[in-house]
Each structure stands twice: as structure tokens, then as C-alpha cells.
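Secondary and tertiary structure notes
Chain by chain, the residues run as shown.
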Amino acid sequence: MQAGLKATIETKKNELGSEFQPKWWGKTLGLYVHVPFCATSCDFCAFYQVQGDRAGIRAYLEGIEEEAAQAAVAGQELRTCFFGGGTPGLLKAKDLQILCETVRRNFRGSLVEWTVEMAPSTVKIDKLKVLKEQGVTRISMGVQSFDDALLDKLGRQHSRKQILKAYDLIREEGFESVNLDLIFAIPGQNEARLKEDIRQAAQLGPDHLSTYCLTFEEDTALFVQLSEGKVALDVDLETRLYLTCWEELERLGYEQYEISNFARRGKQCLHNVNTWKMDQWIGLGPSAASQFRGRRYSNVPDLDRWLEGVKANHPNWIDQSDLNEALLLEDALIFGLRMSDGVDLNELQERFGRKLTRSQSKTIEALESDGKLRKSGGRIRLTKAGRLLSDAVGSTLMV
Amino acid sequence: MKTDHKRNFSIIAHVDHGKTTLSDRLLEHTATVTQRVLTEQHLDSMDLERERGITIKSHPVTMHYKAKNGELYQLNLMDTPGHVDFSYEVSRSLAACEGALLLIDAAQGVEAQTVANANLAVDQDLVIIPVINKIDLPSANLDLCLKQLEDLLAIPAEEAILASAKNGIGIEEILEAIALRIAPPRWTDCGETRVGVFDSVYDAYRGAIVYIRAFSGKIKRGDQIVMMSDNTRAEVKEVGVFTPSMQKSETLTAGDVGYLVCNIKNVAEIKIGDTITHYHNQAKEMLPGYQEVRPLVFSGIYPVETSDFEKLKAGMGKLQLNDAAFSFQAESSMALGFGFRCGFLGLLHMEIIQERIRREYDVDIISTYPSVIYKVEKVIGEVIEVDNPINLPDPSAIERILEPTIKATIHVPNDSIGDILNLVMDKRGVCDHTETLDETRLMLVCNLPLNEILVDFNDRLKSITRGYGSMDYELDEYRESKLVKMDIMVNGEPVDAFSSIVHQDKARVKGKVLCEKLADIIPMHLFKIAVQAAVGGNIIARANVRAMRKDVTAKCYGGDISRKRKLLDKQKEGKRKMKNIGNVSIPPDAFIKVLKNDRD
């Protein structure tokens, strides 16, 4: 490391080391690493991704090393880590090893959960071995569907056969936890076909499942099809499919703990739960978001510009905002209500040292009397009907 | 120019019969405007007029024409507004003329407005030159038009000139007729100077610019003048003519049409139809026909954002500078906060003003249900005028209510007579008599309450007759009527802006329509919303807004939080643009949309 950079880091350490540590931060700190590479872009995906070549991947890994060193200055202790993308699994075993070592070398703390996302087509035995050795505890696999015809509609990246094979490999390697992502409301998918997907997913026996309603994000191939009228939105069907997921998975022993997330008891994704509770997390890599030390920001979603910023020790951030108690209280309420457990109002108000606004309290009462929300003890939770409206609820709760 | 070589004329026509195109051809033909500078529809200057294809503000122009007899004539063309809302303005423009071109669309024949305006012209003793326009259309029916001329307007068919303004056919003939058939300026022999006012516009630098027709004497810069309607004294700063742009001149003499600038800033002080005379040598009598212009239709206009109140006020002030027929004064509403009670000549006038506020002054506004002026006789004997339903006294204090009625002239195809009579009945009207126009059309003369035609009468007339029907109206007497105030409640909260005065027997039906429309317009909320209509505390109609069922984002992780907040913020912003009444957000255009008829 250059001497100048070291000096800067020292100064920063001093600035940050003893400065405010408001009580509203929980004790957990999550780390998110965005791996932006994909083999091809999926028709539905709007996440930042590029097609990786050797040079690009090498530069990326070096960039992460530097960014990690810069980010870890305060000596914070990590509790969870999440490699998302893009397709982290697309990295070769060797590169995955470098990435894992980077995290372990720069941050302190013992990780209680370490997730890596993998696409079924990228699951290989050598990669899994490296991840296991490095301490990764959880593999999250983007299955999307077991129905080859529906997979086609999404711009086929893999087949049902590949999914089954990949799952077996992951299980053979003995990871503590496996998540499967499913997508629903794929054009052509009805309740019966969704039930069949869920049945097949559950049959494999993962301890965690995420089901996402297909969204038509701008700049995706599907969005283009939608605007050209080749596919159509059916809000009523989507509503029924949401409920199908919720009911089927509950029946199969997966407890819903968030709008799109289901787990066997005790197997919730801690990393995500912490973000919904408005704890702190640091994001590395292009487009990764952070919420750390009173600020929320995202890295620029561009590999080159991100690298430039990292090399100059002058990060290229976008969407920066300063956090305060009121905003965090509001977010903890809005995003907390997306969870089945809801939020404990007393705890929330205690933690952020302020009360709900009058209009927030009134909204909560109105929602309760309308059957969209239930109160018990100090907790408020959305009912199923309320959860289906969580965006509308959220915008109503915004001050 | 000698006075007896001046010709003052108007063009009267139904909307779309080609008046503006004909004006343009005349300007071209007399080389008043070269073809290159002649943008389509030269005389309509406001964008809004162009968009709607109608003339709102009349705009005169002076041309010179050398007739076949070798004499040079000065032709002053008064372009008149083409909508019933502005019939007084039309009559004042006509009063400034000695003749009128009566333009009839060869394919459409005589329409209600044509008859009404021709009658206005006859009342003013104008020489009428009938012009059958668009004769080159394949659907032209000359025989019918000529027959109608004779039957309906009692104008000999041989007087008609056959023309196509679009293709320049008959233009020379029209100019000849103007020069030779129309009488020279009248009322020139009055001993004193008399100048008629037929319009005014506001100019930011010069104040009110008064459009005038000199009848006798002369007027020039420096003259001390008097406005005879209210004895306002002023000094003339400038006089000039329209070529068509304004051009200063020395004096205006009898028979001239032009403009005058004096030390009067506000057009509201200029009364259309007024007579100007010299202060030191005053005329004894005004020119005939002056009336005070009074708004017929009233509606509240409120800013969506309460902070826009001052901006709205300033905008209205500026609009009024140029539109003396538009009035406003501050009022407040429980539902909408602070705003203004505004008076308009009619519904079109109202819509135009509202649109101009939105466009030119960039204020989002809400307008309330329009009302007419009711005369309310109280039990204690006092008579009050009510133009806002919320001011209607308690029923127990009311002896009786009188409402304004109109005499409507309606032209309809024979095959829709049944539906039209039903419509007239539905609107509480009485058909006084019918007359056959030709083999296919009838003319009805009806008496209708003004408040019934405000909202959707014309739309429904057009829809029933597939566009072939037309209507014109004039005010008739006030009549006693069983009227009640109908309130609208949204989730139990009364929204005073939706209150209206309706006939007792129609309250239930109207309430139902209004509730259903509102329920349709109000977006789905988290909860079910009841929209109710009530008369005197009794609910008479109800409709529901279904509760929203799904509004949820599936993926929401660390990286999505900022994005998600923006999305929610946008939703909230959308709500902020709406009017929040209780916990219900009502889109600002709901207040005007409920007025629109969409049953057809």
C-alpha cells in the first residue's frame, strides 16, 4: 500500500475511531459484496452486471481488496456476509478463494452466516470446496422455476436437470444452509404450475426458500416485451399467486418471515433481517449499497468508475444521504412491517429516541380497524391482506 | 377616405363553417397581408383559440379594395366570437357594422347559431350578404341551402354568393358585394362625436387598448373624452387602425374602425358597448344597445397546493385585465381551503379561463360544481341572490326559490326528435314550438332552466344527433322551482365543493350519477371508500370505491432501500398532488370530471 494512502487511513481511523456510536445501531454489521459478472443477462434482471473477461475480473478482485482495506479502517466486527450479483458463482474457484480471503483478511469478527449466490449452471465441485473451506455457510441458488417451458420464458439460463444436479453437489459438500429462489407470475404460469414448482422445490428439502413475483424492471428484455404488448400484466393473478406461495409454503412447513422469504424454524437469513431492522452494513463492489455510520450511499454502478474511485481512495458514491433518527425510525417501521413478525413499537421508539408522528399513529389505527394490521403486546404486524399492500402502507407511513 | 366609401362588416357563421378561412382570403385578396405572413387563421391570436378552432376574442382589421367601378373602398372587418357564451360580444361587434356576411356551409346548411346570429344582425338593421361556402365539397347541397335561406331567414336566394374560401372561389364577388351592397356608415349626422366600444385588450405597457368604431365626429390624440356609461373621464394617448397589426394614425373619423389608448389601465373599466364622446362637447345620447355584462355561471377555483394561493390570485388578476367578463373574489371552502368564487359568461368561458390559469400561470387548480344565480325569497320577505350552494339558507328560512331559464333554439335531424324531446324533458325543459327546416331537420324552441344546460346538455345534444344538432340560447325569465341543496360526502366527510343545487325530483338520480362517477374517479385506497349523496341530512345515493388489493414490491434488500424509498416517495408525491379530504385523496381533476357526461 502506498504511504500516502496509509496516512489517509490513519487520519480517518482517528476521526472515526472514537466518534459517535449512537445507540440506534445494533451490534451486528453485515458485509455485502457485489460480484457484477454474468455470462449473459437474464430477461428479467435489472441488477448491475457486466460480462467478465480475465482482465476485468482481475481488476475487480484488486479493487475489492483495496475497497475492503479502506472500509475496514474502523476495525468493525462482521457478523454476516453475503456475496450477491451478478453471478458470484461465475468466478473460478481460484477467484472465489481470493475474494473470500480478502474478506477474512480485512475484517474482524466471526461470521455467523456467510451466503454466496450461485446460478445452477455455475455450481461446480471445485468452487463449492473452496467456499466450504473458506467458511461459507450458505448457498443461495437462483432456480427460478423447475418448469423448462417457464425457464424458457425467462431467457433460459439453465434446465431443470441442471438444477437438480447442482443441488445434489451443494448438499454433498455439506453446507449448513441452502436457499432456493423461485420466480412466480412468469407469463404462462398459473396457480397449478406455481404449486408444482413449489412442490418440487420443497421436495429437495432446502431450509430456506425465496419466492419473487416477476417484476418488469426498466432496461430488461421482459420490460420491452411488456411495452410491445407481447406479455401482459395481470394484477389479479399476481395477487392470487402471492397467496398461493404463502399458503403452500406454510403448508409444507416453511414459515413466512418476510413478503418473499420462507424458512424452516431458525433458518432465516440473518444478513437480510438485519438490513430490514435498519442495522449497519457495508457494501463492496460496483452498485453495492451501504448503510454505515450515519450515512446511506451506493457505489456507482459502473465497474470502471467504481475502480477509479477505489484506486484514488475517493469512492464514487451515488444516492448519498445522511441518516437521522426520524428517517431510520420511519424505515425501520416501513421495512420492518414487511416482516411477518412486524415491529415492536416500544422497542423502535426507545431505540431511536423519538415517538411515531401523529399521522403514523393514525395510519396504524386506521389499518388496524380495517383489518390490514394486528396489534399484540407492543408489536404490530400486517395481516396477509395488509402485506399484499405493503407499498401503499409504506408510502402512507412516510412522513 | 371619404366617409361614404367606408364599409364596416362582420362575418357571422356557425362554428366550423369557415369564417376564419374566409377572413384570411379577404386579407390576401386585398393584399392586406401577403400570403407568406398569413399563418393559418390569421385573426385568431390566442393559442387556445387556435387549438379549439374557435374565436374567443374578436380582432378587427382594415383593408383597402379597389372595386370594379374604379372607386377605392375602405373595408373594416370585425371578426366575431363564434360561441353562444359570447353572444353579447357578438352583438356589440355587429352594432359596429352596417353589413354582415352570413356564411353557410354548403354541406351542413343553416344551423341554430346561424339563425340566431342572422337575427341579431337583422335586429341591428345590417345588410346581410349570404355566402354559401364550401360549394366544391362533394356533399354540398346548394338547393337546400338556398331554400333554407328563403324559408328560415327570409333572404332571397338570388342574393347568395357561391364560394369556397378554401380554394379562393367567389372571393372577388364577395368583395364587390361588400363595397356595393353594404350601406355607408350610419349615424354620422349626430352633432357631437360618438365612438362605440366593442372590445378591449390589455397591454402591459400601454394599459387598456380599446377597440372602437367612430360613428360621428372625430377622435385624436390629446382629446379629453368621457365614457358615457359611467362618466369616466380620460385623455386619449393614441389612436390607430388595424392593418391587421396596430398602426398609429392621426385621427379616426366617422365610419372608421380602430383602437384608442387612453390613461385607463384596467380593461375592467372599459365597458363593451359603451359610447365615448368628447368631454367638452358631450353627446346627449349613448349609442343604442349597451348592456352591463354579467356573469351567468359561477364556480369556485382553488389551488391544489395551498401555497399557490397568491400565484393563483396574481394569475387571475392578469387574466381579468384582458377579460372584463371574468370576475373573481376570495372565498373559502371547508374541503378546499382558500380560493376564489369566479363568474363566467358560460361553461366554455369557464373552461378557457381554467385552462389558461393552468397553462399560462402554471397553477394546478380545482374547480367546483358550477352554479347559476338563484333568487331566493326568504320567509322574512328578503330576496337574496345565491351563486354558491353553500350560501343557500336553511330550507325552513326559504319561502321560494327562482331559477334563471333560457330560450333555446335547437336544430336537430328528424330522426333524433324523440331522443331530443326526452333530453329536453329530462332537463326539465318545455318545448314551445317546432318548425320544419327542410326534409331532414327540425327546429325546436324550448324553455329550459339554465342550470340544466350548464354541464352536459350540449355534449348530449351532439351525441344524440351524431354531431348534426346545434343549439343557441338567450336568457329568459326567472321561474319558481322546487330546488334543494344536495351534499356529497366522501367517507362520511361532506365535501362542500361537490355540493350543488338540484331539482327535488331529480336529486336521487343526479346523486346516484354523481356518486358513481366520483367512485370511479377516486383511485383505490388501502380501504374501502363510501361516496354518498345527501339532501337535508338524508342519504339518497351511495357508491363505493373498492379497496386496493395488491401493492407490494417482491424484492427489497439492502441495495434496494434507497430505490424503494424513492418509489414510495413518488407514490406519496402523487398523493400530495391530490386533495386530501379526511383520509381520502381525490385527484384535482375529479372536480371537473364529475361534470362531464360519459353515459353515451
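**Some thoughts on the overall build of chain B**
- In terms of helices and strands, chain B carries 14 helices and 32 strands.
- Burial statistics for chain B: of 600 residues in total, 58% are counted as buried.
- Roughly 25000 Å² of accessible area belongs to chain B as shown, and the carbon and sulfur atoms make up 49% of that amount.

**Observations regarding empty space enclosed by the protein**
Residue and element names in this part refer to chain B.
- Tallying each qualifying case throughout the model produces four cavities of 30 Å³ or more.
- In this structure, the second largest cavity encloses a volume near 100 Å³.
- Lining the second largest cavity are 13 residues, and of these R92, A95, G196, F215 and L287 lie nearest its centre.
- Contributing elements (two or more residues each) for the lining of the second largest cavity: α3 (87-95), β7 (194-203) and β8 (207-216).
- Among the residues making up the lining of the second largest cavity, the classes are represented as eight nonpolar, two polar and three charged.

**Things to note about unusual backbone geometry**
- Note that the residue after A:G85, namely A:G86, is joined by a cis bond; omega there is 25°.
- B:T243 connects to B:P244 through a cis peptide bond whose omega is 5°.
- Inspection of the secondary structure assignment puts B:P244 in the loop between β11 (232-242) and β12 (246-249).
- Of note, B:A31 is a non-glycine position whose phi angle comes to about 60°, a positive value.
- Note that B:A31 resides in the loop between α1 (19-29) and α2 (47-52).
- Backbone geometry places B:D362, a non-glycine residue, at a positive phi of 55°.

**A look at the layout of surface pockets**
All names here are of chain B.
- Of the pockets and cavities examined, the second largest pocket occupies roughly 1000 Å³.
- Surrounding the second largest pocket, 41 residues form its lining, S87, Q291, Y473, E474 and L475 being those nearest its centre.
- Only α3, α4 (112-123), β22 (398-413), β24 (441-449) and β25 (470-481) provide two or more residues apiece to the lining of the second largest pocket.
- Of the residues forming the lining of the second largest pocket, the biggest block, seven residues, is contributed by α4.

**Quick look at the nonpolar core**
- B:I357, B:I410, B:I522, B:I586 and B:F591 are the most contacted members of the largest nonpolar core, which has 113 residues in total.
- Excluding residues that lie within four positions of it along the chain, B:F591 makes contacts with B:L336, B:I366, B:S367, B:V495, B:A497, B:F498, B:K579 and B:I586.
- Counting residues in hydrophobic clusters, the runner-up holds 86 residues, among them A:V33, A:F82, A:M118 and A:Y242.

**So, the packing of helix α4 (residues 125-134) of chain A against helix α6 (residues 160-173) of chain A**
All names here are of chain A.
- With their axes 10 Å apart at the nearest point, α4 and α6 run at an angle of 35° to one another. Handedness of the crossing formed by α4 with α6: right-handed. For the pair α4 and α6, the contacting residues are I125, L128, K129 and K132 in the first and L169, I170 and E173 in the second.
- Its residues assigned to classes, the contact of α4 with α6 shows four nonpolar, no polar and three charged.

**Quick notes on the confidence of the model for chain A**
Residue and element names in this part refer to chain A.
- Considering every residue of chain A, the mean pLDDT works out to 90; 93% of them sit at 70 or more.
- The least confident element of chain A is helix α1 (residues 3-17), whose mean pLDDT is 48; the most confident is strand β8 (residues 261-263), at 98.
- Note that pLDDT drops below 50 for residues 13-20; the model gives that stretch seven contacts with residues more than four away or on any other chain.

About the cut-offs
Residues numbered from 1 in each chain as written. Chains lettered and ligands numbered in written order. Predicted model: local features only at pLDDT ≥ 70, side-chain atom pairs only at ≥ 80, totals over all residues. Heavy atoms only, no water. Helix = DSSP H or I, 4+ residues; strand = E, 2+ residues; numbered from the N terminus. Buried < 20%, exposed > 50% of the residue type's maximum accessible area, 1.4 Å probe, protein only. Areas by Shrake-Rupley, 256 points an atom, 1.4 Å probe, with all protein chains shown as cover. 1 Å grid on protein atoms, 1.4 Å probe; cavity = no way out; pocket = protein on both sides within 12 Å on 5 of 7 lines; lining within 4 Å. Points joined across faces, edges and corners; volume = space filled by probe spheres on them. Nonpolar A, V, L, I, M, F, W, Y, C, P; charged D, E, K, R; others polar. Core = buried A, V, L, I, M, F, W, Y, C linked by side-chain atoms within 4.5 Å. Contact = heavy atoms within 4.5 Å. Axes fitted to C-alpha atoms, helices over the stretch in contact; angles between N-to-C directions. Left-handed = near helix turned anticlockwise from the far one by under 90°. pLDDT = per-residue confidence, 0-100.

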